[in-house]
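A structural walkthrough
Here is how the chains run, residue by residue.
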Amino acid sequence: MSVNDEVGAEDVQCWRLAAIGDGQAFGELYGRHCDRLFNYALRRSGSWDQAQDVLSLTFLELWWRRGELHFDDDASLVACLFGITTNVLRNQYRAQRRHGEALARLRAQSLEPDLADHIADRLDAENQASRLLASTERLPRKEREALTLVAWAGLDYAQAAEALRVPIGTVKSRVARARRRLRQSSKSDGRAGSGAPIEVTPLGSPEVLP
């Protein structure tokens, strides 16, 4: 049986086929979730290239672990995906610790106009992601991860708790503390004359570019 035999198959149904080696079903899951995971990784890392690496490593790990992962519903599968992505981001952050200045290396003088426009759009997305990242990077890691899963990835508290493997009450308290810190930081920045604060908005922007 392939995923084409199950019209409108849910994520868990696709996963059951993928878990026994159905590459087409695994590709279907990738297609359903890659944009959302990429946007989350881009906002967390501030780098287009790193977000692509994170996305690849997330699904590579999912494939490696296909024999041991079992899900009761679609929400659990989504929570697992974001949990893996969060761990990959955490490991990369520990390994390299910042590479922001690399964004300025691209030069568009000799590029074809269409490619130059695409790179300009890509840099705009990276710059926006970097600004969003700056609004949360001073938060403690655990609070930052909880907040971004809820505010940027769009997970509910239960899914975020499953992704982070902590009780739901812990997620709620971490998100509340993170938001309180951001409000206090925004007030301090306003008094210092740094301009309007960057808000931590739900997932949806920046868009994934073609």
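As a starting point, this report considers the structure included with it. (Residues numbered from 1 in each chain as written. Predicted model: local features only at pLDDT ≥ 70, side-chain atom pairs only at ≥ 80, totals over all residues. Heavy atoms only, no water.)

**Re the overall build of the chain**
Our working rule: Runs of H or I in DSSP of at least four residues are treated as helices and runs of E of at least two as strands, each being numbered from the N terminus. Throughout this description, buried means an accessible area under 20% of the type-specific maximum (1.4 Å probe, protein chains only), exposed means over 50%, and partly exposed covers the range between. Contacts were defined at the residue level, with two residues in contact if any of their heavy atoms lie within 4.5 Å. Each accessible area value is a Shrake-Rupley result obtained with a 1.4 Å probe; residue values ignore everything except the protein chains displayed when judging cover.
For the chain, the count of helices and strands is eight helices and zero strands. Traced from its N-terminal end to its C-terminal end, the chain shows the element sequence α-α-α-α-α-α-α-α. Here the chain holds 210 residues, and 43% of them are scored as buried. Once local pairs closer than 6 in sequence are excluded, the contacts in the chain between residues at least 24 apart make up 68%. With the model as given, the accessible surface of the chain reaches about 11700 Å², and the carbon-plus-sulfur share is 49%.

**Here's the deal with the pattern of salt bridges**
Stated formally: By definition, a salt bridge exists where a carboxyl oxygen of Asp or Glu is found within 4 Å of a side-chain nitrogen of Lys or Arg.
Considering all chains together, one arrives at eight salt bridges under this definition. With a shortest N-O distance of 3.2 Å, E61 and R65 are connected by a salt bridge. Two residues, E143 and R181, come together in a salt bridge whose shortest N-O distance is 2.7 Å. Here R181 lies in helix α8 (residues 168-191) and E143 lies in helix α6 (residues 141-151), a separation of 38 residues in the sequence. Linked by salt bridges that have partners in common, D11, E28 and R32 make up one network.

**Observations regarding the environment of W64**
Here W64 is to be found in helix α3 (residues 48-64). Given a relative accessible area of 65%, W64 falls into the exposed group. Between the C-alpha atom of W64 and that of A19, which follows or precedes it by 45 residues, the distance is 9.7 Å.

**A short note on a nonpolar patch on the surface**
Threshold: Distance thresholds for patches are 9 Å for like charges and 5 Å for nonpolar side chains (Val, Leu, Ile, Met, Phe, Trp, Tyr), applied to residues having over 30% relative accessible area and no salt bridge.
A cluster of nonpolar side chains, L57, L60 and W64, forms an exposed patch at the surface whose accessible area comes to about 330 Å². The residue L60 is located in helix α3 in this model.

**Quick notes on helix α2 (residues 23-45)**
Since one α-helical turn is 3.6 residues long, residues separated by three or four positions face the same way. Note the following rule: One less than the number of residues in a helix, times 1.5 Å, gives the span that helix is expected to have. Bend, at a single residue, is the angle you get between axes fitted to the 7 residues ending at that residue and the 7 residues starting at it. Pairs of N or O atoms are called polar contacts if they sit within 3.5 Å, as long as, within protein, a hydrogen donor faces a hydrogen acceptor (for residues adjacent in sequence, only side-chain-to-side-chain pairs).
Helix length check: α2 (23 residues) gives 29 Å between terminal C-alpha atoms against 33 Å at 1.5 Å per residue, more than 12% under. At H33, α2 is deflected by roughly 50 degrees, the largest bend along its length. Between the side-chain oxygen of the N-cap and the backbone nitrogen of Q24 there are 3.0 Å, and the N-cap of α2 in question is D22. Looking one or two residues beyond α2, the residue adopting positive phi is G46, at roughly 75 degrees.

**Quick word on the nonpolar core**
Going by this rule: Side-chain atoms within 4.5 Å are what join buried Ala, Val, Leu, Ile, Met, Phe, Trp, Tyr and Cys residues into a set we call a nonpolar core.
Counting residues in each nonpolar core, the largest one holds 48 residues, and the members touching the most others are W15, L62, F82, L149 and V171. For this core, the elements supplying multiple residues, two or more each, are α1 (11-19), α2, α3, α4 (74-96), α6, α7 (157-164) and α8. Residue contributions to this core peak at nine residues, all from α2. Those residues within four positions of L149 in sequence are excluded, and the remaining contacts are Y40, F82, T86, G154, L155, A160, A163 and L164.

**What to know about the side chain of Q159**
Inspection of the secondary structure puts Q159 in helix α7. In this view, Q159 contacts A75, V78 and A79; residues no more than four positions away in its chain are not counted.

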